[in-house]
Amino acid sequence: AGMDPATTSKSNHCLDAAKACNLNDNCKRLRSGYISTCSRELSATEPCNRRKCHKALRQFFDRVPGEFTFRLLFCSCKDPACAERRRQTIVPSCSYEDKDKPNCLDLRGACRADHLCRSRLADFHTNCQATFQSLTSCPGDNFQACLGSYVGLIGFDITPNYVDASTTSITISPWCSCKGSGNMEEECERFLRDFTENPCLRNAIQAFGNGTDVSLAPKNPNPAVTVLPKTEKSPALPDDVNDSNTAYDAGVISTCTSLQEQGLKPNNSKEQSLCYSEAQLTTDVMPDQKTFTDPKAGSSRQWESRILLLIPILIPALGL
């Protein structure tokens, strides 16, 4: 019985995560910054400046290493007080909740209209899509990639968060509903379930909180699964990354472009096949790229061009 207080204090991992953040100058400064911005009431009708709150949140999650941000967001809880602290990590009354719940497809549309949000949403769909081909339901059993993609969405209108302070079931959702979707209801529900009923996301959060993700999740995302560019410190994409409608295109193009800029050839078959895939994608625009994908077509074209070059020489010779 004498050990109860110690056990209780140790079990509040979310409080421990906040203390760890406060011991790091950068984490403490940026966390204090977003908390004060997101908690500042403007008027009786405006609880805060949501745009500034979102910007401050994005700065925090982009600039502070995952060792601090992941602990704050995904700490495990055994009681509702701890779970409520975890839910309040992003000051939801400002950054997450609103008077009315918009339609989820409207929220998705607004996200797609913003180049950075669109890129990060594609990242989330790629890295957190539930798959039955892995032990953990995550692509390549890579928890880190899924959690990093989740973090990347915080600070946009589509910001996801815990819906309640439950300790038994983790439910994540953006602030939206599918009411009034009309004939798009099925698509809306499918989009919402990517958050609310996603076994990959749920397993990744639980494994991180329990400390069981170490053996399963590689530190560096597996390039076969996660083709998006990755950064060491921040799991979210930096602001200057070129946007793409699909996660696949963004990764392929950045891989090949960076190789080309350095004047290097792809150094393994995986990179080579990626760059060849890119060449195939661009054959319509740049037909001479065909030599990559179809050597026969390329060689016949070379013969054609040689014959065309010879014609002007042959004409005078024949006296025509």
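These numbers come from a predicted model, not from an experiment.

Visitor: Would you take a moment to explain the overall build of the chain for this structure?
Guide: Of regular secondary structure, the chain possesses 16 helices and 2 strands. Relative to its full complement of 320 residues, the chain shows a buried share of 41%. Across the chain, contacts joining residues at least 24 apart in sequence account for 67% of those joining residues at least 6 apart. When the accessible surface of the chain is split by element, carbon and sulfur atoms take 53% of a total near 18,100 Å².

Visitor: Explain the pattern of salt bridges to me, please; I cannot follow it from the model alone.
Guide: Within the structure shown, the criterion is met by 6 salt bridges. In this structure, the salt-bridge partner of glutamate 84 is arginine 87, at a minimum N-O distance of 3.1 Å. Remark: arginine 87 and glutamate 84 occur in helix α6 (residues 80–87); sequence separation between them is 3 residues, near one turn of the helix. Judged by relative accessible area, glutamate 84 falls into the partly exposed class, the value being 27%. Judged by relative accessible area, which is 12%, arginine 87 ranks as buried. Between glutamate 186 and arginine 190 there is a salt bridge whose closest N-O contact spans 3.9 Å. With glutamate 186 and arginine 190 both in helix α11 (residues 185–196) and 4 residues apart, this pair spans about one turn of that helix. A relative accessible area of 61% places glutamate 186 in the exposed class. Connected through shared salt-bridge partners, Glu84, Arg87 and Glu97 make up one network.

Visitor: Honestly, helix α9 (residues 115–128) in this entry has me stumped. Any pointers?
Guide: The α-helix advances 3.6 residues per turn, and as a result positions three or four apart in sequence lie on the same side. Helix length check: α9 (14 residues) gives 20 Å between terminal C-alpha atoms against 20 Å at 1.5 Å per residue, within 8%. Here α9 lies mainly inside the structure; 11 of its 14 residues are buried. Here α9 has its buried residues at Leu116, Cys117, Ser119, Arg120, Leu121, Ala122, Asp123, Phe124, Thr126, Asn127 and Cys128. Capping of α9 at its N-terminal end is provided by aspartate 114; its side-chain oxygen lies 3.0 Å from the backbone amide nitrogen of leucine 116.

Visitor: Looking at this structure, I do not really get the state of the cysteines. What am I missing?
Guide: In protein chemistry, a disulfide is the covalent bond that joins the sulfur atoms of two cysteines. Counted by the stated rule, this structure contains 10 disulfides. Covalently, cysteine 48 is tied to cysteine 94 through a disulfide, its sulfur atoms 1.9 Å apart. Residues cysteine 48 and cysteine 94 are joined by a disulfide whose S-S torsion is about 95°; by sign, that bridge is right-handed. Highlighted residues: cysteine 48 in the loop between α3 (25–39) and α4 (50–63) and cysteine 94 in helix α7 (residues 92–95), separated in sequence by 46 residues. A single burial state applies to cysteine 48 and to cysteine 94, both of which are buried. Covalently, cysteine 111 is tied to cysteine 117 through a disulfide, its sulfur atoms 2.0 Å apart.

Conventions and cut-offs
- Residues numbered from 1 in each chain as written.
- Predicted model: local features only at pLDDT ≥ 70, side-chain atom pairs only at ≥ 80, totals over all residues.
- Heavy atoms only, no water.
- Helix = DSSP H or I, 4+ residues; strand = E, 2+ residues; numbered from the N terminus.
- Buried < 20%, exposed > 50% of the residue type's maximum accessible area, 1.4 Å probe, protein only.
- Contact = heavy atoms within 4.5 Å.
- Areas by Shrake-Rupley, 256 points an atom, 1.4 Å probe, with all protein chains shown as cover.
- Salt bridge = Lys/Arg side-chain N within 4 Å of Asp/Glu carboxyl O.
- Expected span 1.5 Å × (residues − 1).
- Polar contact = N/O pair within 3.5 Å; in protein donor to acceptor, adjacent residues only side chain to side chain.
- Disulfide = S-S within 2.5 Å.

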